[in-house]
Amino acid sequence: MTGGLWVTFEGGDGSGKTTQAGLLEEWLRESGRTVVRTREPGGTEVGNLIRDIVLHHRGDIAPRAEALLYAADRAHHVATLVRPSLERGEVVIQDRYLDSSVAYQGAGRVLDADEIRRLSLWATGGALPDLTVLLDLDPVAARRRLDADDKPFDRLEAEKADFHARVRSAYLSLAAAEPSRFLVLDAAAPIAEIAAEIRDRVTSLWG
Ligand code: TYD
């Protein structure tokens, strides 16, 4: 994609994506850039309908159907919002993109990570961000920090912890495979420190 700049934020739930996306947006606006702030699932009217299904539907959704719903949201989002904004030379700051599908749907163990990635790339005509910020956080440590009483996990909690550990390691493998697209930061570091590293990388992209 030419013109503009496309930055996506990835990481586990509660890793601080929204806070950092907000700080980056503020800094870019202050320096006079036009910024479009968006997210997946969602970001468009159709996307919000799909978001409602994937996040709030009670009961199961077959894994392939779920993967297709995220891909459908993504296809519409890129075609109608992301690509036109970039073509106008704007900056798009986005919470979650295809790496979320690979990490989360792949961690469900039913679908193959490469297939999920290919599906998303097909859906978007191969669109990849200029920069993907991965806010990396150990999910067990994050949870322990929140837990006042350090009691052991029950079975369901242990399963959830295992899922989040798989999501985290999938993210780290994606970042290792594409080091020039990814910036991996320790989400436990101070907010201002993380924000400064992101600004530095964005500045270097504009070189
Ligand atoms: P959201 O409400 O955006 O919260 P947050 O990003 O703060 O965690 O939740 C989005 C959820 O959707 C999150 O649990 C990850 C999941 N997700 C997928 O499983 N696949 C995807 O392709 C995307 C974009 C999100």
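Predicted model only: the values in this text are computed from it and were never measured.

Rules and cut-offs
Residues numbered from 1 in each chain as written. Predicted model: local features only at pLDDT ≥ 70, side-chain atom pairs only at ≥ 80, totals over all residues. Heavy atoms only, no water. Buried < 20%, exposed > 50% of the residue type's maximum accessible area, 1.4 Å probe, protein only. Helix = DSSP H or I, 4+ residues; strand = E, 2+ residues; numbered from the N terminus. Pairing = 2+ DSSP bridges. Axes fitted to C-alpha atoms, helices over the stretch in contact; angles between N-to-C directions. Contact = heavy atoms within 4.5 Å. Phe/Tyr/Trp six-rings, centres within 6.5 Å; stacked < 30°, edge-to-face > 60°. Lys NZ or Arg CZ within 6 Å of the ring centre and 35° of its normal. Patch = residues over 30% accessible without salt bridge, like charges linked within 9 Å, V, L, I, M, F, W, Y side chains within 5 Å. Areas by Shrake-Rupley, 256 points an atom, 1.4 Å probe, with all protein chains shown as cover. Salt bridge = Lys/Arg side-chain N within 4 Å of Asp/Glu carboxyl O. Lys, Arg positive; Asp, Glu negative; His and termini not counted. Charge placed at Lys NZ, Arg CZ, Asp CG, Glu CD. Expected span 1.5 Å × (residues − 1). Arc of directions from axis to C-beta. Core = buried A, V, L, I, M, F, W, Y, C linked by side-chain atoms within 4.5 Å.

> Lay out the pairing of strand β1 (residues 5-11) with the relevant residues and their values.
Along β1, seven of the seven residues are buried, which leaves the element largely enclosed by surrounding structure. Across the two faces of β1 the burial is the same, with Leu5, Val7, Phe9 and Gly11 and Trp6, Thr8 and Glu10 all buried. With five bridges joining them, β1 and strand β3 (residues 91-95) adopt parallel strand pairing. If you follow leucine 5 over to β3, its bridge partner there is valine 91. In this structure, β1 lies alongside strand β4 (residues 131-136), joined through five bridges in parallel fashion. For glycine 11, the partnering residue across the bridge sits in β4 and is leucine 135.

> A description of the sheet that holds strand β2 (residues 35-39) should follow, citing residues and the corresponding values.
Ordered in space as β2-β3-β1-β4-β5, the five strands form an open sheet in which the pairing is parallel. With one partner strand each, in any of the chains shown, β2 and β5 (182-186) form the two edges of the open sheet. Across this sheet, the average inter-strand angle for adjacent strands is 20°, counted without regard to direction. Both β2 and β3 contribute to a ladder of five bridges, which runs parallel. Bridging from a neighbouring strand, threonine 38 pairs with glutamine 94 of β3. The sheet strands contacting helix α8 (residues 191-206) are β1, β3, β4 and β5, and the helix crosses β5 at an angle near 165°.

> Tell me about the packing of aromatic side chains, and please be specific about residues and values.
Summed over all chains, the structure comprises three aromatic pairs. Cluster of aromatic residues (ring-pair linked, three or more members): Tyr104, Phe163 and Tyr171. The ring of tyrosine 97 is capped by arginine 74, whose NZ or CZ atom sits 5.4 Å from the centre of that ring.

> Can you tell me about a negative patch on the surface, naming the residues and giving the values?
Negative charge collects at one region of the surface, where Asp186, Glu193, Glu197 and Asp200 lie side by side. Along the chain, the position of aspartate 186 falls in strand β5.

> Pulling in residues and values, what's your account of helix α5 (residues 113-124)?
Over its 12 residues, α5 runs 17 Å from end to end, which matches the ideal 16 Å to within 8%, given 1.5 Å per residue. Every buried residue of α5 is listed here: Ile116, Ser120, Ala123 and Thr124. Seen end-on, α5 carries its buried residues on one side only, within an arc spanning 85°. When the buried face of α5 is taken as reference, the exposed residues oriented beyond 90 degrees from it are Arg118 and Trp122. Residues of α5 that are buried in the fold lie against α3 (63-87) and α4 (98-107).

> How would you sum up the nonpolar core? Please name residues and give values.
In terms of nonpolar packing, the biggest core is built from 21 residues, with Phe9, Leu24, Ile93, Val133 and Ile198 touching the most fellow members. Listing elements by their share of this core, those giving two or more residues are β1, α1 (17-30), β3, β4, β5 and α8. When neighbours within four sequence positions are excluded, isoleucine 198 is seen to be in contact with Phe9, Gln20, Leu24, Val133, Leu183 and Leu185. Among the nonpolar cores identified, the runner-up in size contains 13 residues, and Ala103, Tyr104, Tyr171 and Phe182 belong to it.

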